[in-house]
Amino acid sequence: MKKSVLCAVLVLALTACSEKKFQIEGQITNAKDSVLYFENMGLAGVEVLDSVRLDDEGSFSFSGEKQDAPEFYRLRIHDQIISLAIDSTETVTVRGQWPQMAREYEVSGSKECETIRELALKQMDLQQRAIKVNQDEALSVDQVNDSILKMVQQYKDEVKRQYIFPNPGRPSAYFALFQTLGGMLLFNPQTDKDDVKVFAAVATSWDTFWPTAERGKNLHNIAIEGMKNVRSAAADSSRTIDASKVREAGLIDIALRDNHGQIRHLTGLEGKVVLLDFHVFATPESPARILMLRELYNKYHGQGLEIYQVSLDSDEHFWKQQTAALPWINVLGSDASSTLTLYNVQRVPEFFLIDRGNNIVGRSQTIKDVEQAIKNLL
């Protein structure tokens, strides 16, 4: 009798443990010998939880402990990513094919994962349309920026209306907040008052349903900080500096700490053609501009182009997040007024073009075609 009771207790204990697990399984075809990674998209960064080398069939199965609040994961082969959200002990089935795994997959067993797939495909479409506009040689830089900005705003309006505001407590609403274009957040939680309201709506839902969750606390802090920034934005925008005092010759050194903690001297780039860019990541125009800079960098870095980007953002943590994936030099203007005064910058974004001899040869007001100007100096 005692043995039977003990067995029964063990069975119940094992059943209880299994009930706290979620399962992600499926098949990725045409990917033999590729390593499929199962990763957690945590607040502190990406963590690899498990992996498997796929065989001819491409079958896989991963499991994990259910968390007290919705959590976000991804399946990855190289740079092809499938994003997932788990909020229960569900079994999610994913079927896709290589090499376009990020686009060509189906998911079942989770309404939230299906919605996240919709959002991911919409974001990819936006990225492709923005790249196409950016490569249109018939458009000026301002026309490119205006077109991409309009696209981004239309996208955000659709996502707010269809995916976030109807139910801001859904994991897919949280996922939508952190979609990017060119490595930049589409929703700007720093200074855009409308976007701050969106973050606040989702943060309020998390405060209600998962009051102890770290993600909810982080959202809450982001929304509060954004509200503070919005209130002080009017005072900041009133500051102007006389741009006519800039001489297009010689070079004043800038020595600031980059996003890896190293002091970077602008004059230390002698021998390269340098695009000195003054930028604020917490602006609606930022994603389009970063996309344009990526295009220039990818084309001409191998020929001697370097970008020295001075960020004037007030939130250092936010700045580090935004620049983590950018390949050029990123420094933070800790004393914004001093940095702006050095180059008499009246507005941002602003750029200067520097030749291989450390001489300023032009700025945004005097350069109509920045790409052609770079090509002329290389």
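Residues numbered from 1 in each chain as written. Predicted model: local features only at pLDDT ≥ 70, side-chain atom pairs only at ≥ 80, totals over all residues. Heavy atoms only, no water.

Would you explain the pairing of strand β14 (residues 305-311) in this entry?
Regular strands place their side chains on alternate faces of the sheet. Across the seven residues of β14, seven count as buried, placing the element largely inside the fold. Across the two faces of β14 the burial is the same, with Leu 305, Ile 307, Gln 309 and Ser 311 and Glu 306, Tyr 308 and Val 310 all buried. Where strand β13 (residues 273-279) lies against β14, seven bridges are found, and the strand directions are parallel. Paired with His 279 across the bridge in β14 is Ser 311. Chirality of the crossover, the property in question, places the unit of β13, helix α7 (residues 286-300) and β14 among those that are right-handed. In this sheet, strand β15 (residues 329-332) lies alongside β14 in parallel orientation, the contact comprising four bridges. Residue Ser 311 lies in a different strand from β15, and its bridge partner there is Leu 332. Handedness of the crossover is the feature at issue here: the chain leaves β14, passes through helix α8 (residues 316-323), returns alongside β15, and the resulting connection is right-handed. (Buried < 20%, exposed > 50% of the residue type's maximum accessible area, 1.4 Å probe, protein only. Helix = DSSP H or I, 4+ residues; strand = E, 2+ residues; numbered from the N terminus. Pairing = 2+ DSSP bridges. Right-handed = clockwise from strand over helix to strand, strands pointing away.)

How should I be thinking about the sheet that holds strand β3 (residues 45-53) in this particular structure?
In any sheet, the strands associate via hydrogen bonds between backbone groups, in a parallel or an antiparallel arrangement. Strand order in the open sheet formed by four strands is β3-β2-β5-β6, with antiparallel pairing between adjacent strands. Every interior strand has two partners, whereas the edge strands, β3 and β6 (80-86), have only one. In this sheet, adjacent strand axes meet at a mean angle of 25° when their direction is disregarded. Each of β5 (71-77) and β6 is contacted by helix α2 (residues 111-134), which is oriented at about 145° to β6, the strand it contacts most. (Axes fitted to C-alpha atoms, helices over the stretch in contact; angles between N-to-C directions. Contact = heavy atoms within 4.5 Å.)

Help me out: how do you make sense of the pattern of salt bridges in this one?
A side chain of one charge can pair with a side chain of the opposite charge if their charged atoms are brought near each other. Evaluation of the coordinates by the stated rule reveals 17 salt bridges. A cluster of three or more residues bridged by salt bridges with shared partners is formed by Glu 39, Arg 74 and Arg 76. (Salt bridge = Lys/Arg side-chain N within 4 Å of Asp/Glu carboxyl O.)

Help me understand the sheet that holds strand β8 (residues 105-108) in this model?
Pairing within the open sheet is mixed, and its four strands lie in the order β4-β1-β7-β8. For this open sheet the edge positions go to β4 (59-65) and β8, each flanked by a neighbour on one side alone. Recorded for the sheet is a direction-independent mean angle of 15° between the axes of neighbouring strands. Judged from the four bridges that link them, strand β7 (residues 91-97) and β8 form a sheet pairing that is antiparallel. Among the inter-strand pairings, Thr 93 is bridged to a residue of β8, identified as Ser 108. The strands touched by α2 within the sheet are β7 and β8, with β8 carrying the most contacts at an inclination of about 155°.

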